[in-house]
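Overview (structure and organization)
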Number of protein chains: 2
Amino acid sequence: MRILLIEDERELAEALSAALGKHGIVADHTMHLADAVELTRQNIYDAILLDRRLPDGEGLSFIPELRRTGKDTPIIVLTAHNEPKERIEGLDLGADDYLGKPFLIEELMARLRAVLRRSPELTELKITAGRMVIDPLHLSVTVDAVPLDLPRRELLVLAALARRREKTVLRSTLEAAVYNYEEEIQSNALDAHISRLRKRLIDAGAGVAIHNIRGVGYLMKEE
Amino acid sequence: MRILLIEDERELAEALSAALGKHGIVADHTMHLADAVELTRQNIYDAILLDRRLPDGEGLSFIPELRRTGKDTPIIVLTAHNEPKERIEGLDLGADDYLGKPFLIEELMARLRAVLRRSPELTELKITAGRMVIDPLHLSVTVDAVPLDLPRRELLVLAALARRREKTVLRSTLEAAVYNYEEEIQSNALDAHISRLRKRLIDAGAGVAIHNIRGVGYLMKEE
DNA sequence: AGCTCCGCAATGCTGCCGCAACCCTTGTGG
DNA sequence: CCACAAGGGTTGCGGCAGCATTGCGGAGCT
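What you see is a predicted model, and the numbers here were worked out from it, not measured in a lab.

1. Describing the packing of helix 6 (residues 152–163) of chain B against helix 7 (residues 171–178) of chain B
Residue and element names in this part refer to chain B. Running from amino to carboxyl end, helix 6 crosses helix 7 at an angle of 135 degrees, the nearest separation of the two axes being 9 Å. On the basis of their axis angle, the class for helix 6 and helix 7 is oblique. Every pair of crossing elements has a handedness; the one defined by helix 6 and helix 7 is right-handed. Where helix 6 abuts helix 7, its residues Arg153, Leu156, Val157, Ala160 and Leu161 lie against Leu174, Ala177 and Val178. Here the residues of the contact of helix 6 with helix 7 are counted per class, giving seven nonpolar, no polar and one charged.

2. So, the sheet that holds strand 10 (residues 140–143) of chain A
Residue and element names in this part refer to chain A. The sheet built from four strands is open, its strands ordered 8-9-10-11 with antiparallel pairing. The sheet terminates laterally at strand 8 (128–129) and strand 11 (146–148), the two strands that pair on one side only. Relative to strand 9 (residues 132–135), strand 8 is paired through two bridges, and the arrangement is antiparallel. Of the residues in strand 9, the one forming a bridge with alanine 129 is methionine 132.

3. Regarding the protein's contact with DNA strand D
Not every one of the 24 residues close to DNA strand D is listed here, only the nearest: Asn188, Arg198 and Tyr218 of chain A together with Asn188 and Tyr218 of chain B. Sugar and phosphate atoms form 59% of the subset of DNA strand D atoms that lie within 4 Å of the protein. Contacts to DNA strand D include arginine 198 of chain B, whose side-chain N or O atom sits 2.9 Å from a phosphate oxygen. Sorting the residues of the surface near DNA strand D by element identifies helix 8 (189–204) of chain A together with helix 8 (189–204) of chain B as the ones contributing at least two each. Here the surface near DNA strand D is composed, by residue class, of four nonpolar, eight polar and twelve charged.

Parameters at a glance
- Residues numbered from 1 in each chain as written.
- Chains lettered and ligands numbered in written order.
- Predicted model: local features only at pLDDT ≥ 70, side-chain atom pairs only at ≥ 80, totals over all residues.
- Heavy atoms only, no water.
- Axes fitted to C-alpha atoms, helices over the stretch in contact; angles between N-to-C directions.
- Helix = DSSP H or I, 4+ residues; strand = E, 2+ residues; numbered from the N terminus.
- Parallel < 35°, antiparallel > 145°, perpendicular 65-115°, else oblique.
- Left-handed = near helix turned anticlockwise from the far one by under 90°.
- Contact = heavy atoms within 4.5 Å.
- Nonpolar A, V, L, I, M, F, W, Y, C, P; charged D, E, K, R; others polar.
- Pairing = 2+ DSSP bridges.
- Near = heavy atom within 4 Å.
- Polar contact = N/O pair within 3.5 Å; in protein donor to acceptor, adjacent residues only side chain to side chain.

Structure representation (structure tokens):
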């Protein structure tokens, strides 16, 4: 069994490689995303262990990149980014499991076994909708190349809708995109954001409309 | 989609059922392991959510019991026992994932999706019928790539029929797809859904027709 | 201080959906 | 070939849950 380990903390990587070795698993190790892409092109791995914060970018961006090449290798994300919201993000990007640091080697092994019992699927990442271009990493929006500045929460709602434009986005998904665990919500705050966002999108001539799907969620359509 | 929820905290169970319902998932709920065994014998579930501490024993013991009957239904363990050692124990017993309480509903949904992605026999990621593509996990339907928004219940009926297109679906199967056994029904509500659904499918040019098999159920055919 | 953001709640509105009434279709027996 | 029953189809109605909108006030920022 061979896996790919993408991790930039040398000490952890070495410990992991050693521990995996004792379980009869050969690990290729790289610290850079660019190398990882190349390695997956040349090799077939049974699984991939992926750190999020890497010297040359966000580890999660590797997932759609890999899926686009048609590979459905199971991926377990290993990271200190362990807020529920981040875990959801990772899983919905197509990761098969998500493990917060620090963790016990034995737990990683157990999750690896669980994941290897089956096999996964594909996803993508990138956002243009109507006349808008959204950069979800830098949290910016432009309409016909003109910057549009939105309140933070509205922007998060917008990005979540645009990411799945022409498809319904569950209400709960939107709530998860905007609020974390501690921020409980007791009112129709989300509805209020949608309402205000709609007005702004019309004013800016964004070329999209937000429709409601009763009992399910919302849907962004281009006009 | 139908899942089995084995959980003895009434309040949590109700909140979960409601949340799952909004995601188009019908949940049967029981508080006892003994009932759970019986229910899995009589029903086919797409996944099982399992609490550990239950009135009549340790929830984990249910896993080998279920596997012994040849079922490999995905199981997610929900529990306050969230020490690494306990998680390892659960995973190695054959659970597919392990989630500590308290958790965000949305994280559970994400993990559910991740787990279901790996079991192609039970749940196709996309269902194609006529000109339609149905994504039962995200509750969306498109006709020739144009989104079609349907009321939640009609969507569930449609998905159940499309999943077994060209084959007869028992009336009781359809009822099970839309209602759990707490939601009693006293009228021809299902017929009404079928009727309205037919109209919408014609309007949208979906390229399928729903036929009745008298005294048995319904059948979706491509045109 | 003056601004925006944003949660909250009041208000009015929309449309889902269970229900039941009525009609149509199919099957059976004489 | 008709009568009748039973199941299915269709439709309007009403209750009510969910949604849209908006003013208010607290919080945070400059």
